[in-house]
Amino acid sequence: MTKKKGGKTAAVINIGSNRVRMLVSQLKKGEVSPVDLLEHPIALGHEVFSTGKVSFETLRELSSILRGFSNVLKEYNVDSYCAVATTALREAQNKAFVLDQLKLQNNLTVKILEDNQEKALIFSDIFESLRSTDAFQQGNSLVTHIGTGTIGFSLYDGVRVTFSQNIPLGVLKLYDKLGGLQDETESFYTVAAEYVDLIIQHISTAFPQNSFPVKNLVLTGNEIRAIAALCGVKEENETFLLSSKQVKALFKELRALSAEKISLKLGITEESAKLLYSSLAIYVQLIRFTKAETIIAPKSDLCSTLVRSMLLPKSQEDFHSQVRINALSCARSIAAGYKCNLAHSDQVGRFACRIFDKMKKAHGLDLQGRLILELAAILHDCGYYVNSKEHLSSTFNLIQNMDIYGITDEEMSYVAYAVRCSSYEPYHSEDYDENLYELSDETQLLVSKITAMFRLADALDKSQKQKLSDIRVKLDEHRLIITAESNENTLLEKWAFQHCASFFTDVFGIAPELLIKPLSLKVH
Amino acid sequence: MNEKTSFPYINRELSWLDFNARVLEEALKKENPMMERVRFLAITASNLDEFFMVRVAGVMEQVHSKYTACDSSGLTPAELLPKLTEKIRIFMDKQYSCLNRSILPALKRNGLLFLEPEEMTEEQLDFISQYFRKVLFPVLTPLAVDRSRPFPHLANKSLNLAVRLEGGDGEPCFAVVQVPGILSRFLEIPSSQKEQRCFVLLEDVIAYKLSELFELLQIKAVCPFRITRNSDLDIDEEAEDLMIEIQKSIKKRKRGRPVRLEVLQKCDPEILDFLKEMLDMESQEIFQLPGALDLTFLSKFAGIPGCENLCFQPIKPVYPPAEFWGYTDIFQAIREKDRMVHHPYESFECVVDFVRQAAEDPSVLAIKQTLYRVSGHSPIVAALIRAAENGKQVTVLVELKARFDEENNIQWAKKLEEAGCHVIYGLAGLKTHCKILLVVRQDEDGIRRYLHMGTGNYNDSTAKIYTDIGVFTCREPFGRDASSLFNVLTGYSRPPEYNRFIVAPHGMRIFFEQRIQREIEYARQGLPSGITAKVNSLVDPEIIALLYKASQAGVPIKLIVRGICCLIPGLPGISENITVHSIVGQLLEHSRIFRFENGGSPKIYMGSADWMPRNLDRRVELVFPIEDEDLRQRAFSILDEMLSDTINARIMQPDTSYEHIDRRGKAAVNCHREFSKMAIQALKAVSDPDESKPYTPIVHTPDSDRA
């Protein structure tokens, strides 16, 4: 091929539950513009949700679709591409085999996106498109992405996300799950409505205190365009504004019909009719829950978000910064729910970041490592809510099961391990190893680094009274000198610091030293 | 559509015969040059052959299979067949009357004579004897038919001689001699007069020398005959390998059931009985003709050297077309603005140039093209092969199911595959009829797609006689739609929501219905409304019903339909606002153009689709809007010019007959000639600017010099 000139090109392949998509985009005059979009249906979701596995037949079909996509990649001579998969493949028991086969047959490395990663990408797109919408910037908004395999809920307070949770029930799953009931009851829709309502009630109990009233309902998903078209709503600035009445009326019109009847009535495929039905059932319940009069439905697309981050490094930074803000905000809401001392959490987080930033050369971790450290600082006392005696173990269990905006399960497990290893008993290598034995060497090292820095920061506010208003951190060749000023009794802090210093030294080969001076009097 | 419509609707087969009658009129027209009249007669013959092979055969099959449903005109197959046969017989009578009473005498007046051996001089007989011995004899294979030797399988449309013989024992027997298809059907023989040229038909030479083939037998009678077979392919599209399946079907076509037997009127009755029995023909399938069988040879005869003065003054395609004059880089020309070319007035070579340049351009990444019918030594195929050799990603959609071109298409599909092109055969159940060529190029500022969209095939041979329009553009929404369309054709992607394209079968029918419906609304609101559509055939009952509705709402509708038109114009209260023009002339009208007045802001579209159910429902067709203002105006003027034709145009009457335009008080306008003049003038205008205009010096600036 000829030497490349012109704009940079990138492509993203997304293996979804009911379709495989590929977006090819290019960077033209600093703007990302789409070049080609391919979409091929595949019944991956149905198969995985009902049998748990991807069959050989479907794998062959997937491989064939991807072969076609590869041809198109060659045609555009794209500079870089990535392939991601979402719910269906994520939940397939034989996903390792599928990924291996795709690598062997198509020379394609497919990355399975975790639910939280996927939703964070989608939500970042939504926030970006609603940035200039006034209504969205005022009051609470329930932002919901209804996928085929999962639904992501986020509460946005006008500045940041305060709550985020995903439930493994998308439109396809809902239909598959309740589909059998269709033959048994004529009021199938009431069953669907009750089922969805129950889920929403469960979710809403975990909402932070000041979440109500929910002013805006923001909905996205594959079916929204079809629903908007059926309601006769036109797109404006890539956003649909649907009245709740219209959506309810549409559901009323269709709810008693079978998928076949809906497909014939609307001139769509039966498969689309099923998804449309489930989507409407979910939409209507969300409308009832929020009492919203209008639904804001902005355009959101995982492929375009990913391709933008590939072509514009700045957007990657922006995305990371947004994930950080929202993840910390969600973590704070959860910590508040578990009655944690947030002043202490904030103090530990601030000190931990000071130490992390100064130790950059010694720990070699990236910004995601810093975020794990900050999350550990916020969530480390949650377990006290359950049990004071075994609080570390309780905290560990709680953190491992938390949904935090944009944070993967693996990253949450790092947070959980870092907290569990933060015992103030003198470091005994056997106990420590026992805590981490299930992790790989590489992960153990990462967790150790986070733990060491977290413990030092936590020690500096051991009394949880913020006796040290601020610290200065200096890294010598072999010493980490932390200086602070306080006129209060800081014996507990010094004691705690002493207890974790040896662990820190074991991990980094650097000895931490704490120097607390009396507050200097300021002469005016 | 299996029921009679509630509105006036002409049966499509009967309407097609009317079209062929219009072509025959051209053969009778004294204003046409002699050889062109000969050519028109030949066209009617080859048209009729195809009509028998596909349409008549189809109706016969329906009758045999006891299919009793009515078509849209209210006729069952059993009712239609006798009507068709009767109309065909009347038509063939006219054909031969034209040959015997008009063409042959006129040829004679021009010094061109077809002689039979009994009319020849010694020298001429000597000549044909020599020819028989040296050329014909080695390739002739007489096949006797008796109890031990069955009647041979005869190829579709082949010309044969049936011979009745008698052995030494007085036992009668028959033989068949095939007239070799590889040799010219007619032979020029020496003439005794300087101003005369004499010809003889091959079957007459063989018949004359037949005794040399049957030395031991006595020839009692000889008669040429010809059979036409059912040739519509029945393809199993679910087959693993479509190409193999089609190859099998082509073999079957050669063996399809005979649907027509042509013999001479003076055919020996015993021979006729023999053929009837052997071929299992019914009386109504036999056509006894008062002249040479298979008049398609006249097409070649019309082109014999030395008779150019008896032909139309050729329309010389302008090259380069005005749109591309002064450009060595086609991509630059397209970047500057959309371009339109009108063939054959403007040479098709610019399309070939486009592919050639793309093949050699290092910045071109990929070329994608649909191919439906391509010439034997297609320069387009050669350029695509070259592109693949140059490392471009070349994707070619070859429609293997293009009727009667299947064999040809398989040949060069294989060639393309061997060169490394990605060859695909389209979507199961749908013929890919759209004409589109996409070039993906890495320009300085990013990827840009250059398109050629046309109304006709990428066939450099037919582009010399078919009138078609091609548009070049690199507008982004068109490019994106083109990529999406190819992604659908390759099976990589499902049909998207196209931005500009209107693609059948998903959305074209509804598009036209909505556009017509909108004109009805505009008419009711008193806003400007109107439809001008130029198609090859108008058959679709739903579209016709809507056009009637529009007419009744006061929408003026002007239709230019070359061939089948099932709509009846000018019926009071039904279609009085509809006119139907049919242009049949020197060139074959092929472009499809659609204009909608749209309440005062007219829209114009072009494409590959006719208004027939097959185009709207069973084919992949493309219709595209013309957006560039210059091109829109040009497209409007093309339609206007066609509507003002007074030479080639006929107007369909409420009684379904076609009448020439009453030229009293009107200028003689031949739109083909006018378009040719326009193309020449347009080129002249850009290549030879008006000297009266003030001189504008070229100013050199550092920027322009750098550029």
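Residues numbered from 1 in each chain as written. Chains lettered and ligands numbered in written order. Predicted model: local features only at pLDDT ≥ 70, side-chain atom pairs only at ≥ 80, totals over all residues. Heavy atoms only, no water.

What chain A contains, in helices and strands, is 22 helices and 14 strands. On C-alpha atoms alone, chain A measures out to a radius of gyration of 26 Å, which is about the 24 Å that the 2.2 N^0.38 rule sets for 524 residues. Seen through its principal axes, chain A has C-alpha atoms that stretch 80 × 60 × 50 Å. The burial tally for chain A puts 55% of its 524 residues in the buried class. About 23700 Å² of surface is accessible on chain A, with carbon and sulfur atoms providing 50% of the total. Measuring between centres, the 58 positive side-chain charges of chain A sit 6 Å from its 63 negative side-chain charges. (Helix = DSSP H or I, 4+ residues; strand = E, 2+ residues; numbered from the N terminus. Rg over C-alpha atoms; globule rule 2.2 N^0.38 Å. Buried < 20%, exposed > 50% of the residue type's maximum accessible area, 1.4 Å probe, protein only. Areas by Shrake-Rupley, 256 points an atom, 1.4 Å probe, with all protein chains shown as cover. Lys, Arg positive; Asp, Glu negative; His and termini not counted. Charge placed at Lys NZ, Arg CZ, Asp CG, Glu CD.)

When helices and strands are counted, chain B shows 19 helices and 27 strands. The C-alpha atoms of chain B give 28 Å as radius of gyration, which agrees with the globular expectation for 707 residues (27 Å, within 12%). Each principal axis of the C-alpha distribution contributes one length, and for chain B these read about 100 × 60 × 60 Å. Across the 707 residues that make up chain B, the buried fraction comes to 58%. The long-range fraction of contacts in chain B, counting pairs at least 24 apart against all pairs at least 6 apart in sequence, stands at 74%. Computed over 88 positive and 99 negative side-chain charges, the inter-centroid distance for chain B is 1 Å. (Contact = heavy atoms within 4.5 Å.)

So, about the nonpolar core. Inside soluble globular proteins, nonpolar side chains tend to come together where they are buried. Counting 147 residues, the largest nonpolar core has Met35(B), Leu538(B), Leu547(B), Leu559(B) and Trp611(B) as its most contacted members. At 14 residues, the largest contribution of residues to this core is made by helix α2 (residues 34-64) of chain B. If we skip the residues at most four places from it in the chain, Leu547(B) touches Ile516(B), Ile531(B), Leu538(B), Ile557(B), Leu559(B), Leu567(B), Ile578(B) and Trp611(B). If you look at the next biggest cluster of nonpolar residues, it comprises 90 residues, including Phe127(A), Ile355(A), Leu456(A) and Ala459(A). (Core = buried A, V, L, I, M, F, W, Y, C linked by side-chain atoms within 4.5 Å.)

Attention now goes to the packing of aromatic side chains. Applying the stated criterion across every chain, the model contains 38 aromatic pairs over all chains. One aromatic cluster in this structure is built from Phe511(B), Phe512(B), Phe594(B), Phe596(B), Tyr605(B) and Trp611(B). Above the face of the Phe396(A) ring, Arg420(A) is positioned so that its terminal group lies 3.9 Å from the ring centre. When the ring centre of Phe503(A) is taken as reference, the NZ or CZ atom of Arg455(A) above it lies at 5.0 Å. (Phe/Tyr/Trp six-rings, centres within 6.5 Å; stacked < 30°, edge-to-face > 60°. Lys NZ or Arg CZ within 6 Å of the ring centre and 35° of its normal.)

What follows concerns the pattern of salt bridges. As a working rule, side chains carrying opposite charge can pair if their charged atoms are close by. Residue and element names in this part refer to chain B. Scanning the model with the defined rule gives 71 salt bridges over all chains in all. Ionic pairing is found between Arg386 and Glu389, a salt bridge with its closest N-O pair at 4.0 Å. Highlighted residues: Arg386 and Glu389, both in helix α11 (residues 379-389), separated by three residues, approximately one helical turn. Taking the relative accessible area as the measure of exposure, Arg386 reaches 37% and is therefore partly exposed. For Arg509, the salt bridge is made with Glu513, and the minimal N-O distance between the two is 3.8 Å. (Salt bridge = Lys/Arg side-chain N within 4 Å of Asp/Glu carboxyl O.)

A separate point is helix α18 (residues 391-400) of chain A. Residue and element names in this part refer to chain A. Taking burial as the measure, the ten residues of α18 include seven buried ones, the bulk of the element. Those residues of α18 not exposed but buried are His391, Leu392, Ser394, Thr395, Phe396, Leu398 and Ile399. Summarising the contacts, the buried residues of α18 are in contact with α17 (367-379) and α19 (409-420).

The next subject is the packing of α17(A) against α19(A). All names here are of chain A. Their axes nearest at 9 Å, the elements α17 and α19 cross at an angle of 55°. By the angle class used here, α17 and α19 are oblique. Seen along the crossing, α17 lies across α19 with a hand that is right-handed. In this structure, α17 uses Gln368, Ile372, Leu375, Ala376 and Leu379 to contact α19, whose residues at the interface are Glu411, Met412, Tyr414, Val415 and Val419. In the contact of α17 with α19, the residues fall into eight nonpolar, one polar and one charged. (Axes fitted to C-alpha atoms, helices over the stretch in contact; angles between N-to-C directions. Parallel < 35°, antiparallel > 145°, perpendicular 65-115°, else oblique. Left-handed = near helix turned anticlockwise from the far one by under 90°. Nonpolar A, V, L, I, M, F, W, Y, C, P; charged D, E, K, R; others polar.)

What follows concerns the state of the cysteines. Residues and elements named next belong to chain B. Per the stated rule, a full pass over the model turns up zero disulfides over all chains. Looking at Cys98, it has no disulfide partner, and the nearest cysteine sulfur is the one in Cys311, 16 Å off. For Cys98, a relative accessible area of 1% puts it in the buried group. Among the cysteines around Cys267, which has no disulfide bond, Cys223 carries the closest sulfur, lying 3.1 Å off. For Cys267, a relative accessible area of 8% translates into the label buried. (Disulfide = S-S within 2.5 Å.)

Once the domains are mapped, chain A shows domain 1 (9-113), domain 2 (116-302) and domain 3 (314-458). Each of domain 1 of chain A and domain 3 of chain A was reduced to a C-alpha centroid, and the two centroids are 34 Å apart. (Domains from an automatic or database assignment.)

Our focus in this paragraph is the side chain of Asp645(B). Residue and element names in this part refer to chain B. Residue position: Asp645 is located in the loop between α17 (629-643) and β26 (649-652). Here Asp645 is buried and forms no salt bridge, its nearest opposite-charge partner Arg650 lying at an N-O distance of 7.5 Å. With residues near it in sequence (within four places) discarded, Asp645 still touches Ile661, Val669, Asn670 and Cys671.

Taken together, the contact between chain B and chain A spans 27 residues of the former and 26 residues of the latter. Across the chain B to chain A interface the summed buried area is about 2300 Å²; carbon plus sulfur atoms make up 47%. Together, Ile447(B), Tyr492(B) and Arg494(B) form the three largest contributors to the area buried by chain B at its contact with chain A, with a combined 29%. In this assembly, chain B and chain A are joined by two salt bridges. Across the salt bridge formed by Lys368(B) and Glu75(A), the nearest N and O atoms sit 2.5 Å from each other. Secondary-structure elements contributing two or more residues to the side of chain B that touches chain A are β11 (364-371), β12 (393-398), β15 (436-443), β16 (446-454) and α13 (476-489) of chain B. (Buried area = accessible area lost by both parts, 1.4 Å probe.)

Turning our attention to unusual backbone geometry. Residue and element names in this part refer to chain B. Across the junction of His343 and Pro344, the peptide omega takes the value 0°, indicating a cis bond. Considering the arrangement of structural elements, one finds Pro344 in the loop between β10 (339-343) and α10 (349-360). Residue Pro505 follows Ala504 across a cis peptide bond; omega there is 5°. Counting through the fold element by element, Pro505 comes out in the loop between β18 (502-504) and α14 (508-524).

This part takes up the pairing of strand β8 (residues 258-264) of chain B. Residue and element names in this part refer to chain B. Within β8, seven of the seven residues are buried, leaving the element largely enclosed by the surrounding structure. Pairing of strand β7 (residues 218-229) with β8 involves five bridges; the strand directions are antiparallel. Looking at β8, one finds that Ile227 is bridged to Leu261. Sheet topology note: the β8/strand β9 (residues 286-289) ladder contains four bridges and is parallel. The partner of Leu261 across the bridge, within β9, is Ile286. (Pairing = 2+ DSSP bridges.)

Let us now look at the pairing of strand β4 (residues 172-178) of chain B. All names here are of chain B. Taken across its seven residues, β4 has five buried, putting it largely inside the fold. Across three bridges, the pairing between strand β2 (residues 143-145) and β4 is antiparallel. If you follow Leu143 over to β4, its bridge partner there is Val176. As judged from the seven bridges shared by strand β3 (residues 159-166) and β4, these two strands associate in the antiparallel manner. Bridge assignment links Arg164 to a residue of β4, and that residue is Phe174. The turn linking β3 back onto β4 is made up of five residues, and Gly170 within it adopts a positive phi angle of 80°.

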